[in-house]
Each structure stands twice: as structure tokens, then as C-alpha cells.
Amino acid sequence: MDRQYWLSVYLLQWLVICVGSSPLSLVIHTSSKVGLPAVLPCTVTSQLERAQTPHIQWQTVQDSVFERMGEELFQGDAYRERADVPEAMLLMGNCSLFLQDVRFSDTGIYESYLVVGESSIQNRIFIQSVQLTVVDHKSIKSVEVGGDLILDLYTHQAQLVIFQDRNGTSWTVVWDRDGGKNNMGHLHNNRLIFRSVTARSAGMYKVMDSQGLALSTVKVSVTERVIPREPLVLESKAALGKGTMSIPFQKIIILFVAFLVLLLN
Ligand SMILES: *[C@@H]1O[C@H](CO)[C@@H](O)[C@H](O)[C@H]1NC(C)=O
């Protein structure tokens, strides 16, 4: 009796796990770095009637993301100016969702649907689930003393850049989008340029969004300036040039001289 009970509980659990996990295995996982574009894959060819522009919807659990009916389109508030399923691609059965300037808040499960039928009796056919993960940027940079340190902000979501030197435990703000004159960096094309780097510029830089989340972390090391010793470099280059170029010439001359000697003998 007891054993039977536990066996049935076990079987039930097993069944729940199987049924519960099978739809999950159909979810496509995709990962994108914050501020960059993401493509959420989707194909609709099998359900497509030719010569008819498909009516496609993308949504998350909470939100409408995007909808296209021919030339007409709808973008959800959180996705304004950022979401698209290009019409030309859709005609070929590619219903992939293009998301620009991806945000951490875009993380989640997206579902695409094909809408069929006339307006009064419309039906939705589920196509694809895509799990989007948005991750931050991490990199290492090395700059020479006196050179320029260039930090990519990636996106207009960037609000602050904070810095911690190699020994320090505290962070200081080196750039603020609203900071104006106090800023140390110089903004150009969504890149922050710090000119004439010194040894004290070495350390950790974090680009933060307005929520205080790190969009990017860059570990910067500053190297001694290698003073080029011009004449030596030129000399060695010249020697290298001579070395490689003159070997066949030398051989030809030696052969020619040998030939002459033979001829004269
Ligand atoms: C749909 O278009 C996207 C972007 O061009 C591409 O990455 C993807 O491979 C296409 N999918 C198919 C099934 O062709």
C-alpha cells in the first residue's frame, strides 16, 4: 500500500516533469550585449499561403512588442523605434524580430504568432518562443602613457562613467551625461575619449545606466611609452631589406664570376 502510493507519486512527478519540460525545449535561447541589436529568430514558411503578406505578432507575457499587417505596423511603448520585422523578409517567410539598442529590461521570453482569417473570425497560430538574455560588456584595454583612452558607451542608455584606480576601494565619477564642464572625458560618436593618459589612469572603468546597472566594465592598464630609437629601427629595417633582397643577387654574381673564371680557364 505504502510502496504503491510512493510509486504513483513518483510516476506522477515524472509525468509532470516530462510534460512540463517538453515545451521548454522548443524555446530558442539567444543572448545579446546591451546597447547592440538582437535578432529573435522565427520562420513561418510552412503556414504561409503564397502571395499573401502574413500578419505577425510578437509579444511577451506582459507586453505587446510588435505587430505587422502588410505595411501597417505597431510597436509597443517599451519598443518604440526599436522593433521591426522587415516586410521584405516577412514575405520570404522570415518573421525574425529585430530589436535595436537592446536593454537589460528586454530580457525575457518572446512569442511570435501568425494571425489568420478575416477580422471577425481571426485565429492566432503560435510560431516560436525565444528567450532573450541581455548581458553587459566586459573588456581589457592597454594604453601607452600619453596616448588616448577610448571607452565605448555603446548606447544612449549610458549615463555615468565611474573609475577606480588600481589600489583604490572607492569609485569616482569621471563622466556624467548631464555633467557638462566637470566631465573629464570628451564625448564623440558615443565614445568617451580621455586624452594624454598617465599612469594614474590605470584601473577599472564602469559605464552605468540611469538605473545604476553596469553596461560595460573595462579594465585599463597603462604601459610605459616605448621611445622609438629611429636610426636603429631604420638601420635594422634597411639591413633586413638588404638581407632578403640581396641573397639572390649575391648568388647570381657568384655564379657569374664562377662562370667567367671557368670561361677564362
Ligand atoms: C532571417 O533573417 C535574419 C536576419 O537577416 C537571419 O539572421 C536569419 O538567418 C534569417 N532566418 C532564416 C530562416 O532565413
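Everything here concerns the structure above.
The rules behind each value
Residue positions are counted from 1 within each chain, in the order its sequence is given. pLDDT decides what is reported in this predicted model: residues at 70 or higher carry local features, side-chain atom pairs at 80 or more are listed and counted, and totals for whole chains, interfaces and linings draw on all residues regardless. Think of the side-chain values as coming from all heavy atoms in the structure, minus any hydrogens and water. By the criteria applied, helices consist of DSSP H or I runs no shorter than four residues and strands consist of E runs no shorter than two, each listed in order from the N terminus. Think of it in three bands: with a 1.4 Å probe and only protein chains considered, a residue is buried below 20% of the maximum accessible area for its type, exposed above 50%, and partly exposed in between. Between two residues, a contact is recorded if the distance between any of their heavy atoms is within 4.5 Å. Surface accessibility follows the Shrake-Rupley procedure with a 1.4 Å probe radius. Residue values consider only the protein chains on display as shielding. Throughout, a disulfide means two cysteine sulfur atoms within 2.5 Å of one another. Residues are counted as near a molecule or strand when any one of their heavy atoms sits within 4 Å of it. Polar contact criterion, stated in full: a pair of N or O atoms within 3.5 Å, where within protein one must be able to donate a hydrogen and the other to accept it, and residues adjacent in sequence count only if both atoms are side-chain atoms. Classes in brief: Ala, Val, Leu, Ile, Met, Phe, Trp, Tyr, Cys and Pro nonpolar; Asp, Glu, Lys and Arg charged; the others, Gly included, polar. Note on pairing: two strands pair once DSSP finds at least 2 bridges between them. Within this document, salt bridges are pairs made up of a side-chain nitrogen of Lys or Arg and a carboxyl oxygen of Asp or Glu, the two lying within 4 Å of each other. Axis definition: a line fit to C-alpha positions, over the contact stretch in the case of helices; interaxial angles, taken between N-to-C directions, run 0 to 180 degrees.

(A) Spotlight on the overall build of the protein chain. Broken down by element type, the protein chain carries three helices and 17 strands. A burial count over the protein chain gives 31% of its 265 residues as buried. Long-range contacts, defined as pairs at least 24 residues apart, comprise 59% of the intrachain contacts of the protein chain with a sequence gap of at least 6. Total accessible area on the protein chain stands at roughly 18100 Å², and carbon and sulfur atoms take up 59% of it.

(B) Region of the structure containing the state of the cysteines. Considering all chains together, one arrives at one disulfide under this definition. Residue pairing for Cys42: its cysteine sulfur links by disulfide to Cys95, the two sulfurs lying 1.8 Å apart. When the S-S torsion is -80°, as for the bridge of Cys42 with Cys95, the disulfide is left-handed. Of the two residues, Cys42 is situated in the loop between strand E2 (38–40) and strand E3 (55–59) and Cys95 in the loop between helix H2 (87–91) and strand E7 (97–99); the sequence distance between them amounts to 53 residues.

(C) Quick peek at the site of the ligand. Contacts to the ligand come from Thr43, Met89, Asn94, Ser96 and Phe98. Taking Asn94, its side chain carries an N or O atom lying 2.4 Å from an oxygen atom of the ligand. Here the ligand has 360 Å² of accessible area as a free molecule, and 41% of this is covered by the chains. Residue composition of the shell around the ligand, by class: two nonpolar, three polar and no charged.

(D) Representation of the pairing of strand E15 (residues 191–194) within the structure. Here four bridges tie strand E11 (residues 149–152) to E15, and the two strands are oriented antiparallel to one another. Residue pairing in the sheet places Leu149 in a bridge with Phe194 of E15.

(E) Up close: the pattern of salt bridges. Considering all chains together, one arrives at six salt bridges under this definition. Note that Arg82 and Asp106 form a salt bridge whose closest N and O atoms lie 2.9 Å from each other. Within this pair, whereas Arg82 is found in the loop between strand E5 (72–75) and strand E6 (83–84), its partner Asp106 is found in the loop between E7 and strand E8 (108–116), the two being separated by 24 residues in sequence. Taken individually, Arg82 and Asp106 each receive the classification buried, so the pair is uniform in this respect.

(F) Spatial organisation of the environment of Gly203. As for its position among the elements, Gly203 is in strand E16 (residues 203–209). Residues Gly203 and Val218, 15 residues apart in the sequence, show an inter-C-alpha distance of 8.4 Å.

(G) Fine view of the sheet that holds strand E13 (residues 172–176). Strand order in the open sheet made by the five strands is E10-E17-E16-E12-E13, with mixed pairing throughout. In this open sheet, the two strands that pair with only one neighbour each are strand E10 (137–144) and E13. Each adjacent strand pair in this sheet contributes to an overall mean axis angle of 25°, direction not counted. Across six bridges, the pairing between E16 and strand E17 (residues 214–223) is antiparallel. Its bridge partner being in E17, Met208 is matched across the sheet by Ala214.

(H) Structural detail: the side chain of His55. When you line up the elements, His55 lands in strand E3. Judged by its relative accessible area of 10%, His55 falls in the buried class. Within the structure, the side chain of His55 is placed 2.7 Å from the side chain of Glu67, a separation counted as a polar contact.

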